[in-house]
Amino acid sequence: MKKRVLSGIRATGRLHLGNYMGAVKGMLELQDNPEYETLYMVADLHTVTTPYKVEELRKNRREVVLDYLAAGLDPEKSILFEQSDSPHAELAFYLSSVVNIARMQHLPTFKDKVKQHPNNVTMALLNYPVLMAADILIYKAGLVPVGIDQEPHLEVAREIARKMNETYGTDFPEPVRFATRGEYVPSLTGEGKMSKSIEGSYINLTDDLETIQKRLAGAPTDSGKGEKIPTSGGVFNLLKFVELFEGIDARKKYEQAYRGQGIAYRELKENLAQAIFNELKPIQEKRSELERKTSYVDEVIKRGAEKARKIAKETVLEVKEKMGLSFN
Ligand code: TYM
């Protein structure tokens, strides 16, 4: 049997470069490897763990599918589907019986969200990692292409798999992360990671050249010269972007310039904007084609749901049986 891969992205709007470099690139790589059966979903259930607008979620679910297809995920090679079409929430409940509340409360990702939304600390939010474990374990996936920020959640998924296997005799694998070169895409603000919830931090996959130039223009710089190349902050992040989009040699060239005649940031940002746009342009062209193919996209979502549900239902029945519940 082929090894399974699962990943997902929340339906919070257009994808940004962090999602693309940290997750989608890994999804693409594994999709093209015949050793794996790949399942990629829109994490719409996870979207309801923080405040959201119903109409926006309806629209955004589809936006993520379009972004997936435009980036090259192929329904002939991967199962592309929406999480709420498959019984993940049900498995999450069964899994929650082996999860300690304090463990969930201490996760850095939970604490961050509590800070962001202090008036919406819900059970759904506390359950976020359990639902994510269910997403993975329901397909018995062993490999998960996600950014480094998701590592604490994968640790929880492994703990749950172990606990379920010990307690109920299930055979869940302990899933590991599949890392890409872009597993941590920094913020354009010079602090932390690129994130949809931080204005000024991101570049969207749908941004045109002018927008990319504008966004990069806001990234902080320094005098462009010095003995020591910064190891954090705006310049460090810009160099990371250069490495990701123009290659390591381009980065080394700038580092040399920093120690010598100095970096001209106008030129650096101009070249970088062009390099980023070159990578995004074919994705954007494909996306505008797909926007017109409404029935094709509907069909992809419907077929993906059927395939995912078939596998997921088997796992749910197996778990119910092992837990002593009715499994008719
Ligand atoms: P989300 O929507 O927050 O992020 C989606 C993916 O993008 C990656 N990512 C980044 N990677 C590198 N640098 C960044 N700045 C950056 N920002 C975001 C995330 O690591 C993630 O891979 N909980 C998941 C969604 C999910 C999921 C799953 C993933 C739900 N169930 C099961 C895998 C398996 C998340 O963070 O989504």
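Residues numbered from 1 in each chain as written. Predicted model: local features only at pLDDT ≥ 70, side-chain atom pairs only at ≥ 80, totals over all residues. Heavy atoms only, no water.

Caption draft 1: The overall build of the protein, seen in detail. The helix and strand inventory of the protein stands at 14 helices and 5 strands. Taken against the 2.2 N^0.38 rule, which gives 20 Å for 328 residues, the C-alpha radius of gyration of the protein at 21 Å falls within 12% of a compact globule. Taking the principal axes of its C-alpha atoms as reference, the protein extends roughly 75 × 45 × 40 Å. Contacts in the protein between residues far apart in sequence, at least 24 positions, make up 76% of those at least 6 positions apart. When the accessible surface of the protein is summed, it comes to about 15,900 Å², and 50% of that surface belongs to carbon and sulfur atoms. Charge centroids of the protein, computed over 48 positive and 47 negative side chains, lie 1 Å from each other. (Helix = DSSP H or I, 4+ residues; strand = E, 2+ residues; numbered from the N terminus. Rg over C-alpha atoms; globule rule 2.2 N^0.38 Å. Contact = heavy atoms within 4.5 Å. Areas by Shrake-Rupley, 256 points an atom, 1.4 Å probe, with all protein chains shown as cover. Lys, Arg positive; Asp, Glu negative; His and termini not counted. Charge placed at Lys NZ, Arg CZ, Asp CG, Glu CD.)

Caption draft 2: A look at the domain arrangement of the protein. Looking at the assigned domains, one finds that the protein contains domain 1 (3-183 + 294-322) and domain 2 (209-289). Each of domain 1 and domain 2 was reduced to a C-alpha centroid, and the two centroids are 32 Å apart. Tallying the contact residues gives 14 residues for domain 1 and 11 residues for domain 2. Taken over both partners, the interface formed by domain 1 and domain 2 buries close to 1,000 Å², and the fraction arising from carbon and sulfur atoms is 58%. It is L17, A70 and R181 in domain 1 that bury the most area against domain 2; as a group they hold 49% of the surface buried on that side. (Domains from an automatic or database assignment. Buried area = accessible area lost by both parts, 1.4 Å probe.)

Caption draft 3: How the structure looks around the nonpolar core. By size, the foremost hydrophobic cluster in this structure holds 62 residues, and its most contacted members are L17, F245 and L272. With 10 residues, the top contributor of residues to this core is helix α13 (residues 265-292). Both domains that meet at this core, namely domain 1 (3-183 + 294-322) and domain 2 (209-289), each give it at least three residues. Beyond its immediate sequence surroundings of up to four residues, L17 is in contact with V185, M194, I203, L205, F241, F245, I276 and L280. (Core = buried A, V, L, I, M, F, W, Y, C linked by side-chain atoms within 4.5 Å. Buried < 20%, exposed > 50% of the residue type's maximum accessible area, 1.4 Å probe, protein only.)

Caption draft 4: Here's a closer look at helix α1 (residues 17-31). Between the first and last C-alpha of α1 there are 20 Å, a value that for 15 residues agrees with the 21 Å anticipated at 1.5 Å per step. Counting buried positions along α1 yields 12 of 15 residues, so the element is predominantly enclosed. All buried positions along α1 are accounted for by L17, G18, Y20, M21, G22, A23, V24, G26, M27, L28, L30 and Q31. (Expected span 1.5 Å × (residues − 1).)

Caption draft 5: Seen up close, the pattern of salt bridges. Per the stated rule, a full pass over the model turns up 27 salt bridges. With a shortest N-O distance of 3.2 Å, R162 and E174 are connected by a salt bridge. Of the two residues, R162 sits in helix α9 (residues 151-168) while E174 sits in the loop between α9 and β5 (176-178), which places them 12 residues apart along the sequence. With a relative accessible area of 34%, R162 lands in the partly exposed category. (Salt bridge = Lys/Arg side-chain N within 4 Å of Asp/Glu carboxyl O.)

Caption draft 6: Highlighting the site of the ligand. For the ligand, the set of nearby residues contains 28 residues, the closest of which are Y128, D135, D149, Q150 and V185. Note that a nitrogen atom of the ligand is positioned 3.1 Å from one of the backbone N or O atoms of G18. At 3.0 Å from an oxygen atom of the ligand is found a side-chain nitrogen or oxygen belonging to N19. Secondary-structure elements contributing two or more residues to the shell around the ligand are β1 (3-10), α1, β2 (36-43) and α8 (128-137). (Near = heavy atom within 4 Å. Polar contact = N/O pair within 3.5 Å; in protein donor to acceptor, adjacent residues only side chain to side chain.)

Caption draft 7: The arrangement of the packing of helix α11 (residues 233-246) against α13 in detail. At a minimum axis distance of 10 Å, the contact between α11 and α13 shows a crossing angle of 40 degrees. In terms of orientation, α11 lies oblique with respect to α13. Of the two elements, α11 crosses α13, and the hand of that crossing is left-handed. Counted together, V235, L238, F241, V242, F245 and E246 of α11 and Y265, L268, K269, N271, L272, A275, I276 and E279 of α13 form the full contact between these two elements. Looking at the contact of α11 with α13 residue by residue, the classes come out as 10 nonpolar, 1 polar and 3 charged. (Axes fitted to C-alpha atoms, helices over the stretch in contact; angles between N-to-C directions. Parallel < 35°, antiparallel > 145°, perpendicular 65-115°, else oblique. Left-handed = near helix turned anticlockwise from the far one by under 90°. Nonpolar A, V, L, I, M, F, W, Y, C, P; charged D, E, K, R; others polar.)

Caption draft 8: Structural view of unusual backbone geometry. In this structure, K140 takes a positive phi of about 50 degrees despite not being glycine. Along the polypeptide, K140 turns up in the loop between α8 and β4 (143-145). For K140, a relative accessible area of 23% gives the class partly exposed.

Caption draft 9: Main features of the side chain of H46. Along the polypeptide, H46 turns up in helix α2 (residues 44-47). H46 sits in the buried class, given a relative accessible area of 3%. The contacts of H46, once residues within four sequence positions are left out, are R10, Q83, Y128, L131, M132 and D135.

Caption draft 10: Representation of the environment of K2. By the secondary structure assignment, K2 is in the segment before β1. Considered as a pair, K2 and R61 are 59 residues apart in the sequence and their alpha carbons are 28 Å apart. Here K2 is in contact with P34, E35, Y36 and E37, once residues within four sequence places are set aside. Polar contacts involving the side chain of K2 include one to the main-chain carbonyl oxygen of P34, which spans 3.2 Å.

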